[in-house]
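# Overview (structure and organization)
Residue strings, one per chain:
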Amino acid sequence: MGRVKLYFFHCIFLFSVWSLALDSLHVNFLDELKLGESYAGVLQVDGLNNGSKAFLFQDSWRNVRAQGGVAAQIVAKLRQRSEFSVLVTFKQDTLNSGVLLSIHNGVQKYLELEASGQRSEIRLHYLTHDQQARTETFPYALAAGRWHKLSLAVSATHLVLHVDCNRIYERTIEALSVDIPSGSSVWIGQRNKAHGYFKGIMQDVMLMVSPQGYLSQCPDLNSTCPTCNDFHGLVQRIMELQDVLAKTTSKLSHAEEKMRGLDGCYCEKSCTRSGVLYREDEGWTDGCTNCSCSNGTVQCEPISCPPPECPPDSAPSYVPGACCKECQPVCLFRGRVYVEGDRRSVRDSAGNCLLFECRARSMRRVEEAPCPELDCPESEQITLTDRCCKVCRGHDFCGEGRSSICVENSECVNLEAGACCSCNNGYRTLRDDSAYCHDIDECAEGKHYCRENTMCANTPGSFMCICLAGYIRIDDYSCTERDECEGGLHSCDENAICFNTVGGHSCTCKPGYHGNGTVCTALCEGLCQNGGSCVSLDSCSCQLGFTGRRCETDIDECVEGFVECDSRATCVNLPGWYHCECRDGYHDNGMFSTNGDSCEDIDECDTGRHNCANDTVCFNVEGGYDCHCPHGRNCSGDCHHDDKVKHNGQIWVLEEDRCSVCSCQAGHVLCRRMVCDCDSPSADLLCCPECDPRLSPHCVQQNGLLTYSNGDTWVDHCQQCQCMQGQVDCWSVPCEPVGGCDLVLEGECCPRCVSDPCQADALNDITTSCVDESGLARYSGAAWTKHGSECTLCQCKNGHVCCSVDPLCL
C-alpha cells in the first residue's frame, strides 16, 4: 500500500511539474489584450460552457491589436521555438471568412490562422527559413454558427490539426521561420484595421510552446503520457541508467588520472629496424650502411670508404667483418703478388703437385689431404690453381663455405673454377666483391614499370604499383578506372541512372522521377491530393480516409457504414475522417468520445436556453424541452424588456444600439444585428456603411491603393482574392500540373512549360555540353564571360549557349 501511495505521489508530482511548465510557456491572447475593458466592436457574452466568458466580435469597425509591450512579450515567447500549438475555441458566423490570429511584420505573415466560410477551409499562412511565404490549406467547414475547438500543433516540419478533439489532418510541411523581428504586430479576429474581419464569438485564443497543446482541450487524448503503472518502469530504467553513469564516471576518472600522469612525459617519434627501437635523430651502422632515425623514418646510405695508404710490403684487401679494404701483408711468388691467406699450386720437375699458402709475407708449403676419387670422366675433370686435387666440372664451390663471405643482400654464385658473390635482384653492390649490397629505389631512379593511373611505391629489393583512388588493378603494373555503376559501388537511388566518370560516378533520376540522383521521388501526373504521397511512377499512396487514383475521393465513413454513433449523436463526415456530433438538445460532457456516448441531455430549463414565454413553465425532456401554461392561466406570450412589456410579435430597435433589432416571440426576446438591405431607401448608413453610395466600391486592397466592388475577384501576390460584402477573402491560386515537361519555368505564381531552353530554371540534362564562341567545349551549368565582350555573361543550359548583357556593366 505504501508503494501505491508513493507511485501516486510521483504521478501527481509529474503532472504538477508538467502543468507549471505549460503555465510558464503559454499565452492567453484574450487575457493579455484585456478584451473585457475597452475595445470598440467587441462585447462580452456567455461562452460554450456554463458561466464561461467569451467575446462577440461584431460586424463593425474595430482594432483588436496587442499594444507594443504586450506584443513584444508574446513574440519573445514564440521566437526561435520550433514546437508550439495554437488553440482556439470559437463560434463563427455562417459564410464568414476571417482571421483568428495574425502575427506579422509588414506584409510578412510569420503566423496567421484563418477560417474561410466562403470556401469551407482553414488556412495557415507562414514564412519558411528562407523567407518564402507559404500557405497550408485544410478543407473543413467551421463557419456554420456552431461552437468548435480548434488545435493546430507544429513540431519542426510536422503539423497536426485537431477539430473538436478529432485529429483531422496530419502533414509534413516546410520548417516555419520563428525568427520574428521586434516591432511585429499581433492581431486577434482580424489581419489589420481593414481586412480579415472575424464575425462570431471567441472564448479562448491561446499559444502553447508545446506540440501537445491539444491535451489542454482534450485531456482524454493523452494516451501517450506515462501512467502511474508506467512510472515504476521508468524509475527502474532511470536507476539502471544512473548505475551505468556511475560506472562510466569511475572509468573516466581513472582515465583522467592516467592522462595526468602522461602530461609530464616527453613524447618523441622513434624508428624500428630489425626489432630494435631507435630514438629520433639516433644513428647506427647496419652492415655497410650508415642509418639514422629522422621524423620517424629510417634513412640509410652506403658507408664511404677512403682509399687505404698501405706500406710497400702490404696491399689493400677485404677481410671478414669489415666493409672497407684494409692493408694486408703480401707475398711474392714466381713473379706474382699474393695477399695473406691466398694459395697457389705448382708442379715440380718430377711432375708432382705442390701447394703453397701466403703466411707472414712468405709462401709456405701446405700438406694437402689425399685427393678423393672423382666420379666423372677425365674430360670433365678441371685443374685448379689454388689446390692440387682436380674437381669435376660443375663443382659446388659455395658449398665449401665460400657462401659465408656473401654477407648482406648477396648470394654465392658457382663459377667454372671457383665462386663469387652476386647482389640479389633489386640491390646494388656496396663494394667491388659484391659481398655487401643495398636496396635500389626504383621509383626515385625511374627504373620501375608502373603505368598510368598508378603510383610507384618502393619496397626492399623491388617496387609495387598502387592504384590511384577510383581505379582497380589490371595487372602488377597498370590500373583502369573503376566502374562503380557496374560493380554496384555507387550511391544512386534505385530510380536513378548511374553514369561512370573519371575517378567516380554521377547519378541522374530516371524519367518520371525528380531529385538529386541520390534520392529520387516519383512524379505523379496531376499530383497526389489530400496529403497522399507519390510512391512510384503515376501511383499515389493515400492517407487514411481517402481513395482514388489521385487520392481525390473522400471516404464517407458515415454512408459506408464504417461508423456506429450513439443514439444521442449523428455521424458527420469530414475530409479524410469523421466524428460523432451531438444531436440538437445534447452537448458533450467534456470527454469527447469518438462514438458520441459522451453526449448528454441539455437542461434548457435550468440553463435558460429555452424560448418559453414568461408566463409559461419550462419542463425539460430528453433532447429538448416543453413549455406548459400553468393550470387556470391564460398565457399571452408577452415579453418583459428594460422594465417594459413587449407584446408577442412586437419588433423594436434598441435605444442604446440603433443597429440592433429585437423582437418578442412567444415570451422570449431575440435580438440581432440589423439586416442591411441596400436597395431600401430607408437603409441606415451608420449601421450599413456598405450601402453608402459615396463609398464605392466596398473593398480596399491591403496596400490601400485599389478598391473593388462586391463580388469582384483579382489576383494579388499569387493569391486569388474576392470582395464579399465589404470583406476581402484570399486563397492560393490553383496551379495546373506540369508533368511531362522537358523545360519548366519557375519563379511565377505557377510553374509552366517553355520551349526556349534558355528560359528554363533547372539544368535538365547534365550530360549535355556546349561549344562556346572560341570552339571550347563547356559542360552543362558552366558560366563564362564572352570573349571580347566583358559585359556579356554566357551559360551552358540544356545543351544550348544562353547569353545575357549586364546593363550596369555597359
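Keep in mind that this is a model prediction, so the values were computed, not measured. (Residues numbered from 1 in each chain as written. Predicted model: local features only at pLDDT ≥ 70, side-chain atom pairs only at ≥ 80, totals over all residues. Heavy atoms only, no water.)

## With respect to the overall build of the protein
- Within the protein, the secondary structure is distributed over eight helices and 65 strands.
- Within the span of the protein, comprising 810 residues, buried residues form 34% of the whole.
- A sequence separation of at least 24 residues applies to 37% of the contacts in the protein between residues at least 6 apart.
- In the structure as shown, the protein presents an accessible area of about 47,300 Å², 51% of it carried by carbon and sulfur atoms. (Helix = DSSP H or I, 4+ residues; strand = E, 2+ residues; numbered from the N terminus. Buried < 20%, exposed > 50% of the residue type's maximum accessible area, 1.4 Å probe, protein only. Contact = heavy atoms within 4.5 Å. Areas by Shrake-Rupley, 256 points an atom, 1.4 Å probe, with all protein chains shown as cover.)

## Quick notes on the state of the cysteines
- Throughout the structure, instances matching the rule amount to 28 disulfides.
- Bridging Cys291 to Cys300, the disulfide has an S-S length of 1.9 Å. The chirality of the disulfide connecting Cys291 with Cys300 is right-handed, given an S-S dihedral of about 110 degrees.
- By relative accessible area, Cys300 is classed as partly exposed at 37%.
- The partner cysteine of Cys485 in its disulfide is Cys498, sulfur to sulfur 1.8 Å. The S-S bond linking Cys485 to Cys498 shows a torsion near -70 degrees; that makes this disulfide left-handed. (Disulfide = S-S within 2.5 Å.)

## What about the side chain of His104?
- Inspection of the secondary structure puts His104 in strand 5 (residues 97-105).
- At 2.8 Å, the side chain of His104 forms a polar contact with the side chain of Ser102.
- Non-local contacts of His104, meaning those with residues more than four positions away in its chain, are made with Lys109, Tyr110, Ser184, Ser185, Trp187 and Arg191. (Polar contact = N/O pair within 3.5 Å; in protein donor to acceptor, adjacent residues only side chain to side chain.)

## Notes on the pattern of salt bridges
- Across all of its chains, the model carries 26 salt bridges by this definition.
- The partner of Glu400 in a salt bridge is Arg387, with the nearest N and O atoms 3.1 Å apart. Here Glu400 is found in the loop between strand 26 (391-392) and strand 27 (410-414), whereas its partner Arg387 is found in the loop between strand 25 (381-382) and strand 26, with 13 residues between them in sequence.
- Taken together, the shared-partner salt bridges connect Lys109, Glu112, Glu114, Arg119, Glu121, Arg123 and Arg191 into one network. (Salt bridge = Lys/Arg side-chain N within 4 Å of Asp/Glu carboxyl O.)

## Here's the deal with the confidence of the model for the protein
- Here the protein averages 81 in pLDDT, and 88% of its residues register 70 or above.
- Of all the helices and strands in the protein, helix 1 (residues 2-24) carries the lowest mean pLDDT, 42, while strand 32 (residues 462-467) carries the highest, 93.
- Every residue in residues 1-23 is under pLDDT 50, and counting partners more than four places away or in other chains gives ten contacts. (pLDDT = per-residue confidence, 0-100.)

## Here we look at the pairing of strand 64 (residues 792-797)
- Of the pairings in the sheet, the one linking strand 63 (residues 783-785) to strand 64 comprises three bridges and is antiparallel in character. Bridged to Thr785 within strand 64 is Leu793.
- Hairpin connection of strand 63 to strand 64: six residues between the antiparallel strands, including Gly788 at a positive phi of 85 degrees.
- Hairpin connection, strand 64 to strand 65 (residues 800-805): the antiparallel pair is bridged by two residues, and Asn798 has positive phi, about 55 degrees. (Pairing = 2+ DSSP bridges.)

## Looking at the sheet that holds strand 64
- Across the sheet, which stays open at both edges, the three strands sit in the order 63-64-65 with antiparallel pairing between neighbours. The open sheet has two free edges, formed respectively by strand 63 and strand 65, since each of these has just one partner strand. The mean angle between the axes of side-by-side strands here comes to 25 degrees, regardless of whether they run parallel or antiparallel. (Axes fitted to C-alpha atoms, helices over the stretch in contact; angles between N-to-C directions.)

## So, the nonpolar core
- The biggest cluster of nonpolar side chains holds 52 residues, and the ones touching the most others in it are Phe29, Phe57, Phe84, Ile122, Val186 and Ile188.
- With residues up to four places along the chain from it excluded, the contact list for Phe29 reads Ile74, Leu101, Val186, Ile188, Val205, Met206 and Leu207.
- Of all hydrophobic cores here, the second largest spans 14 residues; its members include Cys498, Cys507, Cys520 and Cys551. (Core = buried A, V, L, I, M, F, W, Y, C linked by side-chain atoms within 4.5 Å.)

## Examining the environment of Ile405
- In this fold, Ile405 is placed in the loop between strand 26 and strand 27.
- Look at Ile405 and you get partly exposed, because its relative accessible area is 42%.
- It is 9.5 Å that separates the C-alpha atoms of Ile405 and Asp433, two residues lying 28 residues apart in sequence.
- Sequence-distant contacts of Ile405, defined by excluding residues within four places in its chain, comprise Cys421 and Ala435.

## Side note on the packing of aromatic side chains
- The tally for this structure, following the rule as stated, stands at nine aromatic pairs.
- Ring centres 5.4 Å apart and planes at 50 degrees place the aromatic pair Phe138 and Tyr169 in the tilted group. Of this pair, Phe138 sits in strand 8 (residues 133-139) while Tyr169 is found in strand 11 (residues 166-172), placing the two residues 31 residues apart along the sequence. The same class applies to Phe138 as to Tyr169, namely buried. (Phe/Tyr/Trp six-rings, centres within 6.5 Å; stacked < 30°, edge-to-face > 60°.)

## Overview of a nonpolar patch on the surface
- Together, Met455, Met464, Ile466 and Leu468 make up an exposed nonpolar region whose accessible area comes to about 340 Å².
- Relative to the assigned elements, Met464 resides in strand 32.
- Relative accessible area serves as the criterion here: at 42%, Met464 is assigned to the partly exposed category. (Patch = residues over 30% accessible without salt bridge, like charges linked within 9 Å, V, L, I, M, F, W, Y side chains within 5 Å.)

## Describing the sheet that holds strand 22 (residues 343-347)
- Read from one edge of the open sheet, three strands run 22-23-24, paired in antiparallel fashion. Strands at the two margins of the open sheet, each flanked by one partner only, are strand 22 and strand 24 (362-366). Between one strand axis and the next, the sheet turns by 35 degrees as a mean value, whatever way the strands run.
- In this sheet, strand 23 (residues 353-359) lies alongside strand 22 in antiparallel orientation, the contact comprising five bridges. Bridge pairing in strand 23 links Arg347 to Cys353.

## A closer look at helix 3 (residues 68-78)
- What helix 3 keeps buried is the set Ala71, Ile74, Val75 and Leu78. Seen end-on, helix 3 carries its buried residues on one side only, within an arc spanning 95 degrees.
- One or two positions beyond helix 3, positive phi appears at Gln80, with a value near 65 degrees. (Arc of directions from axis to C-beta.)

## Overview of the pairing of strand 28 (residues 419-423)
- Residue alternation in strand 28 divides its side chains into a buried set, Ala419, Cys421 and Cys423, and an unburied set, Cys420 and Ser422.
- Direction of pairing for strand 27 relative to strand 28: antiparallel, over a ladder of five bridges. Note that in strand 28 the partner of Val413 across the bridge is Cys420.
- Linking two consecutive strands that pair antiparallel, namely strand 27 and strand 28, is a turn of four residues.

## Let's talk about unusual backbone geometry
- Unusually for a residue other than glycine, Lys34 sits at a positive phi of about 55 degrees.
- What makes Lys34 partly exposed here is its relative accessible area of 45%.
- Its identity as a non-glycine residue notwithstanding, Ala156 has a phi of 60 degrees, on the positive side.
- Counting through the fold element by element, Ala156 comes out in the loop between strand 9 (147-155) and strand 10 (158-163).

## Looking at the environment of Cys618
- Tracing the sequence through the fold places Cys618 in strand 47 (residues 617-621).
- Each C-alpha atom, one on Cys618 and one on Cys605, is 5.6 Å from the other, the two residues being 13 residues apart in sequence.
- Among all residues touching Cys618, those that are not within four sequence positions of it are Cys605, His610, Cys612, Tyr625 and Asp626.

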